[in-house]
Number of protein chains: 4
Amino acid sequence: MTKPLRIGLIGCGFMGRAHSNAYNRVSNFFDLEYTPVLQAACARNAESAEAFAKTWGYASFETDWRTLVQRDDIDAIDICVPNHLHREMAIAVAEAGKIVLCEKPLALNTADGQAMCEAVEKAGVPNMVWYNYRRVPAVTLAHQLIQEGKLGRVFHYRANFLQDWTIADDLPQGGTALWRLDASSAGSGVTGDLLAHCIDTALWLNGAIRNVSAMTETFVKERHHNLTGKMEPVKIDDASAFLCHFENGSLGLFESTRYARGHKALYTFEINGEHASIKWDLHDLHRLEYFDHRDESKLRGWRSIHVTDHGGEHPYMDRWWVPGLQIGYEHSFVHQVADFLEGLATGTPVGPTFRDALQTQQVCDAVLASAECGSWKNVE
Amino acid sequence: MTKPLRIGLIGCGFMGRAHSNAYNRVSNFFDLEYTPVLQAACARNAESAEAFAKTWGYASFETDWRTLVQRDDIDAIDICVPNHLHREMAIAVAEAGKIVLCEKPLALNTADGQAMCEAVEKAGVPNMVWYNYRRVPAVTLAHQLIQEGKLGRVFHYRANFLQDWTIADDLPQGGTALWRLDASSAGSGVTGDLLAHCIDTALWLNGAIRNVSAMTETFVKERHHNLTGKMEPVKIDDASAFLCHFENGSLGLFESTRYARGHKALYTFEINGEHASIKWDLHDLHRLEYFDHRDESKLRGWRSIHVTDHGGEHPYMDRWWVPGLQIGYEHSFVHQVADFLEGLATGTPVGPTFRDALQTQQVCDAVLASAECGSWKNVE
Amino acid sequence: MTKPLRIGLIGCGFMGRAHSNAYNRVSNFFDLEYTPVLQAACARNAESAEAFAKTWGYASFETDWRTLVQRDDIDAIDICVPNHLHREMAIAVAEAGKIVLCEKPLALNTADGQAMCEAVEKAGVPNMVWYNYRRVPAVTLAHQLIQEGKLGRVFHYRANFLQDWTIADDLPQGGTALWRLDASSAGSGVTGDLLAHCIDTALWLNGAIRNVSAMTETFVKERHHNLTGKMEPVKIDDASAFLCHFENGSLGLFESTRYARGHKALYTFEINGEHASIKWDLHDLHRLEYFDHRDESKLRGWRSIHVTDHGGEHPYMDRWWVPGLQIGYEHSFVHQVADFLEGLATGTPVGPTFRDALQTQQVCDAVLASAECGSWKNVE
Amino acid sequence: MTKPLRIGLIGCGFMGRAHSNAYNRVSNFFDLEYTPVLQAACARNAESAEAFAKTWGYASFETDWRTLVQRDDIDAIDICVPNHLHREMAIAVAEAGKIVLCEKPLALNTADGQAMCEAVEKAGVPNMVWYNYRRVPAVTLAHQLIQEGKLGRVFHYRANFLQDWTIADDLPQGGTALWRLDASSAGSGVTGDLLAHCIDTALWLNGAIRNVSAMTETFVKERHHNLTGKMEPVKIDDASAFLCHFENGSLGLFESTRYARGHKALYTFEINGEHASIKWDLHDLHRLEYFDHRDESKLRGWRSIHVTDHGGEHPYMDRWWVPGLQIGYEHSFVHQVADFLEGLATGTPVGPTFRDALQTQQVCDAVLASAECGSWKNVE
């Protein structure tokens, strides 16, 4: 018999859907000691909460997150709301002694993140942040190759996350759908939303970042605000880029923007090592590009690895279909749930924990500070 | 309130999983009048049937398909077993007055398929065959473009389906896992397994095929048989290719094989029209390649369309995540279930029906006959 | 001191330019015993011949090819005129005891080609046909890999040559620029023009073809004729495709057309062997795609080899620039001249000789005969 | 009758070959008033100079560049020697009243470059710097599209130039072949060698750069020196990256390195505008990637334009072969010579002039200064 893990989810938007889907599907594909049980969904609007609960199979719904956190029949709370709410909720969950899973970025800033880390560590509750891209099989494979030493000494790491959905200057800011454009909800713009993904992956694959030199820009200076009903200054960063030094001596180059016409969600990274290099691209997430200088000289070339093979060779893929058949974006969340449940069963923390995600927050803060002051900033 | 559609599924293998997953997910993503209810799974082996039912959430299981077909609490039977069993089962389901969904290819041959069509038509039961690739969004988009007349007169259609999993000559034939190599279960080799997919799509996109000239080959002449325990002649085709004329005057070229090293499931098609051309590839199924000669001369080029946009523009994609985030293989089944349920609600047959799939069977039979006799064969 | 090889060239069109360029450049890049000397260019129109000679640095010009062939100050005649003229000219050159280089295809048909072979062999003169694609470095590399046994047993060979320049039905036929559309000058359509290239490469890479089953089509049935001034039936094939068996047991699939919208000169081939596969594409001719099943399982993928490396590893590339910098179409002719001059110096025939090219002619004739009669034809 | 332009070339290395090839070929493909005449080649070593002159068809050779500059029978001097020699030579040529063409980068630094500009301007002699990539047809096409306003307001410009040839730490520095690793000959490392190309293109396509924030690195700290015979500190930059602001308000990101395993000469740029975006890559230099947001919504995608079309549509391509047949690296030099000769005939300066190239030098100096001091630097 499997054990239930009773989930309460706060926030019924895009991420609420992605997480709910993962909870629903994981037991169809993974043999695990724990089975997620969708106990309650929570949103301020009762109608939305009820509809969401019905669609996704939650047994009940709540409109007050504090009520949810206090319910005895719930083991874990999943926080899928705008960034400015993470701190208060996560600390409350920890204090209630419950498992806490939190959407990325961890917090509005390092100070908030630090408080959250202290809360979960003091309470001793399992915790995790949804930097889901680590669990795209091609990205996990990249991590394995690096761990095996396939690359040798690393010289370069570059990553970018390019979108184009905010170019129109008549797009408003604020409210349920567009809180990402409102600094009071989002904290920052693309730095926390997009660069944070790039940074999390980079720290995982290439280790800590020592210092950064950054540049940010807000191309559209004011937008109609959905909450005030007036034109308001735009306080988020529309684009953010930085140079950095990693602790291992390699150089980093990061960029994100929502003004790159032609890219919807182009998250790419490339790592150049002494012996081998790796590239990946979210737009074709089931492929990993790999170059190995140790190949026979005349046959050297970038290999396009279709990461769909079985038998334990390609991470996670033995759980799905047959070789050659690709999975998609949503599966990264299923894998993260599977790993988290496995960690619960064995009592092992599963990264990225709050503490891991705090490092990403620190880099983001250094980026914003460097962009503000125009000089290099240490990550601390 | 939605209405239940109570499903009984026969066959708990790869396709049983793919279909069960589709039934489980469709209501999370599509608003439909009908909701699939997983009533019973059926396999000859009780342990397998029970485990499968548990994993996928079927309320019960059966070991005798005839019992399943007679159950009053089931509305639709889904047949996911080897090809030689399709005829008997489908006819029994039709005679029991139930909806019947059948894995592709429809049957071992045209004669069997004809009997199946007559049975479902006589019984007046809704029916469908799982040629799932029509519902990959990029393929559906290709169909839309052709319907809109974007291509103009069509000159060429070419398709291939390339795999490499049977190259090793110590791979056995027969039994649960390898029935596709055993002609008594599969009927043919790659013709019915892989070419049938190419043909179904082609008929849908480009209309009927008039005649064919074909070539088949069996590279490994005998293999150990899992059921007899002896080396036995291999009677399936390992590779199959044909030239053809379509009714619309265009020329076709089709090829499939399990001996193309480097390809796991490379199903590609390309259509060349007077004004525009289209290409697609299952290995990157979320992309459609499109060339339009009417573009400004110096800017003409093949467009790589990332078929992940929203708002009704890209078929089905408004139901999933956000632009730029790809879905995968399994989603084609979800879409097929969604369309089928929509058809039930409106009383409209949803293709490919048994009758549609019979045309594919006729082309397959003409291919095998042409390869046998070495001359052109009309499709009839 | 190098020895001069005094060239007389007949035909001042596209191929006349490509060959002249090759003669002019070869000594800048290759150290050879022989140096081409551009002695005379010949065209029926004196003005054209003179202008061409001036542009390309020919010391003189002629308007009667028979005069050119008889000149004492010429060692080699290069025939760059429409196909129906090859036979008479080549035989005359051979009888004059001169070296003969002939544009592809060798002749209008096998009988003519046979006579040409007999003439050069009787006269004992060095001879070569301009199937230039063998000397694209990536193609030469493919040949090396096959010779080394990298592929193992070959199962499949497929090639196509796709263009789109004759789709417009108001394009006329005949005359200097459009003789390729006039059967009396060209013999056949795409079979001799495009498929012949595919066949030459295939015979070189994969050995002899045993038999073929073909289909041809003429999409536009009549066109204005530049010479008669009237609408005339189009007697060439606009598209040509065939299935075949190679002597080594592999299966072949070939297609060419001038009605594939979006392709200007897409010549591709793919070879699938037991251990490895190879792909190439004229549109990116400096790349070779290579898949090796012996690579570490999780790292298997198609390698995109940028065939621009030095040091003898990538054929011919040590003569050009630095690694990473690509060469183009015209260089294949320079390489063919270099090899031919090297062969002259060592007394070794350089393929494709007339005799080699006759095999391609035989396959073309079998293709046309099979298309005509609708059944398989042996190559003979 | 065409007029001769009598060329004297200094430096018989890689660039000497590339330029000589361009002079030799231009008249075969372009109709121009001026024809280059290869009058003399100059190198310190007599044997090298003589051999080079013979290979490339120079009428004579010299071993003292000052003698060459004073010869009456020479109209233009082409400087193809290491960077530290540019200043003295170029000024001497200008003072001799001759046309001067100079390899890139213009000089070791802005001060030297400024002196060179003043010399050519005072003397009133035509002058040009060999930033050849502007004349790759796809890059020229990019320039045309921007001039036409296809992109609208520009938000982002990113470029990198990645190589991997200096990773081995036993590679020595200095001497004829390896002067690029010796700061006394090269001035800087990849900044002047590779980034300079990226900067020249960027200034041409996107206008002036206002300020930069840079980072440089030397991965291998000391190498054997070919001239001193001892291990010596490496004073060049192995890698160089910078953030910048363009005058037009767009953000720039530039990177170059010789430590990117898997890249031989990967020069790429991407420009994101309000309406359209453009990408290019030297590894496939005959293609331009183009995305236009104004395309019909469901058909938007990156177009891969094969820049090989005729009729004046694709820059320069009407001079070469037929559509679909690619040219290579060396042709960019032919185009630059053609444009320069055209400019001579019409009396129009042809960019990049010395003055244009000085701007690139200023950006390079700002990059090196910013990397040194760790803060933003204005370009001046």
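Note that the coordinates shown come from a computational prediction; the quantities given were computed from them, not determined experimentally.

**Student:** Give me the overall build of chain A: which residues, what numbers.
**Tutor:** In terms of helices and strands, chain A carries 11 helices and 17 strands. Relative to the 2.2 N^0.38 estimate, which gives 21 Å for 380 residues, the radius of gyration of chain A is 21 Å and therefore close to what a compact globule would have. For the C-alpha atoms alone, the extent of chain A along its principal axes is close to 65 × 55 × 40 Å. Taken over 380 residues, chain A has a buried fraction of 66%. Put simply, of all contacts in chain A between residues at least 6 apart along the chain, 68% involve residues at least 24 apart. For chain A, the computed accessible surface area is about 12500 Å², with 47% contributed by carbon and sulfur atoms. Across chain A, 35 positive and 48 negative side-chain charges occur, with their mean positions spaced 2 Å apart.

**Student:** Lay out the relation of the copies chain D and chain C in plain terms, naming residues and giving numbers.
**Tutor:** Superposing chain D onto chain C requires a rotation of 180° together with a translation of 0.0 Å along the rotation axis, leaving an RMSD of 0.0 Å. With respect to symmetry, the two chain copies, as superposed, fit the operation of a two-fold axis. Closest to the rotation axis within chain D is the C-alpha of G328 of chain D, separated from it by 2.4 Å. Comparing interface residues between copies, 100% of those in chain D also lie at the interface in chain C; the contact surface is shared.

**Student:** Can you break down the relation of the copies chain A and chain D residue by residue, with the values?
**Tutor:** Superposing chain A onto chain D requires a rotation of 180° together with a translation of 0.0 Å along the rotation axis, leaving an RMSD of 0.0 Å. Taken together, the interface assignments show that 100% of the residues at the interface of chain A recur at the interface of chain D, consistent with an identical surface on both copies.

**Student:** Can you break down the domain arrangement of chain A residue by residue, with the values?
**Tutor:** Residues and elements named next belong to chain A. Along its sequence, chain A is carved into domain 1 (3-132) and domain 2 (133-378). When each unit is reduced to the centre of its C-alpha atoms, the spacing between domain 1 and domain 2 is 23 Å. Each side of the interface is counted separately: domain 1 has 46 residues, and domain 2 has 44 residues. In this assembly, domain 1 packs against domain 2 so that about 4100 Å² is buried in total across both faces, 66% of it on carbon and sulfur atoms. Sorting the residues of domain 1 by area buried against domain 2 places F30, Y131 and N132 first, and these three jointly supply 21% of that buried surface. Scanning the region where domain 1 abuts domain 2 turns up three salt bridges.

**Student:** I'd like to hear about the pairing of strand β14 (residues 276-281) of chain C, residue by residue, with values.
**Tutor:** A regular strand places its side chains so that they alternate between the two faces of the sheet. Residues and elements named next belong to chain C. Judged from the five bridges that link them, strand β13 (residues 266-273) and β14 form a sheet pairing that is antiparallel. Looking at β14, one finds that T268 is bridged to D281. Connecting β13 to the next strand, β14, in antiparallel fashion are two residues. Two strands pair when backbone bridges link them, and β14 and strand β15 (residues 287-292) are joined in this way by four bridges, in the antiparallel orientation. Counted as the bridge partner of S277 is F291 from β15. Following β14, the chain reverses through five residues before pairing antiparallel with β15.

**Student:** Give me the packing of aromatic side chains: which residues, what numbers.
**Tutor:** For the structure on display, the rule yields 114 aromatic pairs over all chains. Between F52 of chain A and W56 of chain A, the aromatic rings sit 6.3 Å apart at their centres with planes inclined by 40°, giving tilted as the arrangement. Of the two residues, F52 of chain A and W56 of chain A are both situated in helix α2 (residues 46-56); the distance of four residues between them amounts to about one turn of the helix. Ring centres of F219 of chain C and Y259 of chain C lie 5.0 Å apart, and the angle between their planes is 50°; this geometry places the pair in the tilted category. Pair noted here: F219 of chain C is in the loop between β8 (209-217) and β9 (222-224) and Y259 of chain C is in the loop between β12 (251-257) and β13, with a separation of 40 residues, a long-range link. A relative accessible area of 0% means that Y259 of chain C is categorised as buried. Sitting over the face of the ring of W321 of chain B, R17 of chain A holds its NZ or CZ atom 5.2 Å from the ring centroid. Stacked on the ring of W302 of chain A, the Lys or Arg K279 of chain A has its end atom at 4.4 Å from the ring centre.

**Student:** Residues and numbers for the UniProt feature "domain: GFO/IDH/MocA-like oxidoreductase" (unreviewed entry) in chain A, please.
**Tutor:** Listed under "domain: GFO/IDH/MocA-like oxidoreductase" (unreviewed entry) in the UniProt record, and renumbered for this structure, are residues 141-278 of chain A. End C-alpha atoms of residues 141-278 of chain A are separated by 10 Å, and the span's content is 23% helix alongside 36% strand.

**Student:** Describe the sheet that holds strand β5 (residues 99-102) of chain A, and please don't skip the residues or the numbers.
**Tutor:** For sheets, the rule is that strands pair by backbone hydrogen bonds, running either parallel or antiparallel. Residues and elements named next belong to chain A. Spatially, the six strands line up as an open sheet ordered β3-β2-β1-β4-β5-β6, and their pairing is parallel. Single-partner strands in this sheet number two, and they are β3 (60-62) and β6 (127-129). Ignoring which end each strand starts from, the neighbouring axes of this sheet average 25° apart. Lying on the sheet, helix α1 (residues 14-29) is in contact with β1 (3-10), β2 (34-42), β4 (76-79) and β5; it crosses β2 at an angle near 150°.

**Student:** I'd like a description of the interface of chain A and chain D, backed by residues and values.
**Tutor:** Of the residues lining the interface, 43 residues belong to chain A; the matching set on chain D comes to 43 residues. With both chains or domains summed, chain A and chain D bury close to 3400 Å², and 61% of this area falls on carbon and sulfur atoms. Of all residues in chain A, the largest losses of buried area upon contact with chain D belong to M215, F219 and R261 of chain A, amounting jointly to 21% of the total for that side. Between the two partners, chain A and chain D, sit two salt bridges. Our enumeration of links across chain A and chain D arrives at 17 residue pairs in polar contact (both at pLDDT 80 or more). Put simply, the parts of the chain that give the side of chain A that touches chain D at least two residues each are β7 (154-162), β8 (209-217), β11 (239-246), β12 (251-257), β13 (266-273) and β14 (276-281) of chain A. Of all the elements, β11 of chain A adds the most residues to the side of chain A that touches chain D, at six residues. Its residues placed into classes, the side of chain A that touches chain D shows 19 nonpolar, 16 polar and eight charged.

**Student:** Tell me about helix α4 (residues 86-95) of chain C, and please be specific about residues and values.
**Tutor:** Residue and element names in this part refer to chain C. The buried count for α4 comes to seven of 10 residues, which makes it a mostly enclosed element. Among the residues of α4, H86, M89, A90, I91, A92, V93 and A94 are the ones counted as buried. On its buried side, α4 packs onto β1 (3-10), α3 (65-70), β4 (76-79), β5 (99-102), α5 (110-123) and α11 (354-373). A positive phi of about 75° marks G97, the residue just after α4.

**Student:** I'd like a description of the UniProt feature "domain: Gfo/Idh/MocA-like oxidoreductase N-terminal" (unreviewed entry) in chain A, backed by residues and values.
**Tutor:** Listed under "domain: Gfo/Idh/MocA-like oxidoreductase N-terminal" (unreviewed entry) in the UniProt record, and renumbered for this structure, are residues 5-129 of chain A. Its end C-alpha atoms 17 Å apart, residues 5-129 of chain A is made of 46% helix and 23% strand.

**Student:** Before we move on, can you summarise the sheet that holds β5 of chain C with the specific residues and values?
**Tutor:** Residue and element names in this part refer to chain C. In spatial order, the strands read β3-β2-β1-β4-β5-β6; together these six strands make up an open sheet with parallel pairing. Whereas interior strands pair on both sides, the edge strands pair on one side only; in this sheet they are β3 (60-62) and β6 (127-129). The sheet shows a mean angle of 25° between the axes of neighbouring strands, taken without regard to direction. Relative to β4, β1 is paired through four bridges, and the arrangement is parallel. By the bridge assignment, I10 is partnered in β4 with I79. Of the strands in this sheet, β1, β2 (34-42), β4 and β5 touch helix α1 (residues 14-29), which is tilted by about 150° from β2. Sheet contacts for helix α2 (residues 46-56): β1, β2 and β3; angle to β3, the most-contacted strand, approximately 155°.

Quick notes on the rules
Residues numbered from 1 in each chain as written. Chains lettered and ligands numbered in written order. Predicted model: local features only at pLDDT ≥ 70, side-chain atom pairs only at ≥ 80, totals over all residues. Heavy atoms only, no water. Helix = DSSP H or I, 4+ residues; strand = E, 2+ residues; numbered from the N terminus. Rg over C-alpha atoms; globule rule 2.2 N^0.38 Å. Buried < 20%, exposed > 50% of the residue type's maximum accessible area, 1.4 Å probe, protein only. Contact = heavy atoms within 4.5 Å. Areas by Shrake-Rupley, 256 points an atom, 1.4 Å probe, with all protein chains shown as cover. Lys, Arg positive; Asp, Glu negative; His and termini not counted. Charge placed at Lys NZ, Arg CZ, Asp CG, Glu CD. Least-squares fit on C-alpha atoms with pLDDT ≥ 70 in both. Domains from an automatic or database assignment. Buried area = accessible area lost by both parts, 1.4 Å probe. Salt bridge = Lys/Arg side-chain N within 4 Å of Asp/Glu carboxyl O. Pairing = 2+ DSSP bridges. Phe/Tyr/Trp six-rings, centres within 6.5 Å; stacked < 30°, edge-to-face > 60°. Lys NZ or Arg CZ within 6 Å of the ring centre and 35° of its normal. UniProt positions renumbered as here; feature names shortened; annotations may be inferred. Axes fitted to C-alpha atoms, helices over the stretch in contact; angles between N-to-C directions. Polar contact = N/O pair within 3.5 Å; in protein donor to acceptor, adjacent residues only side chain to side chain. Nonpolar A, V, L, I, M, F, W, Y, C, P; charged D, E, K, R; others polar.

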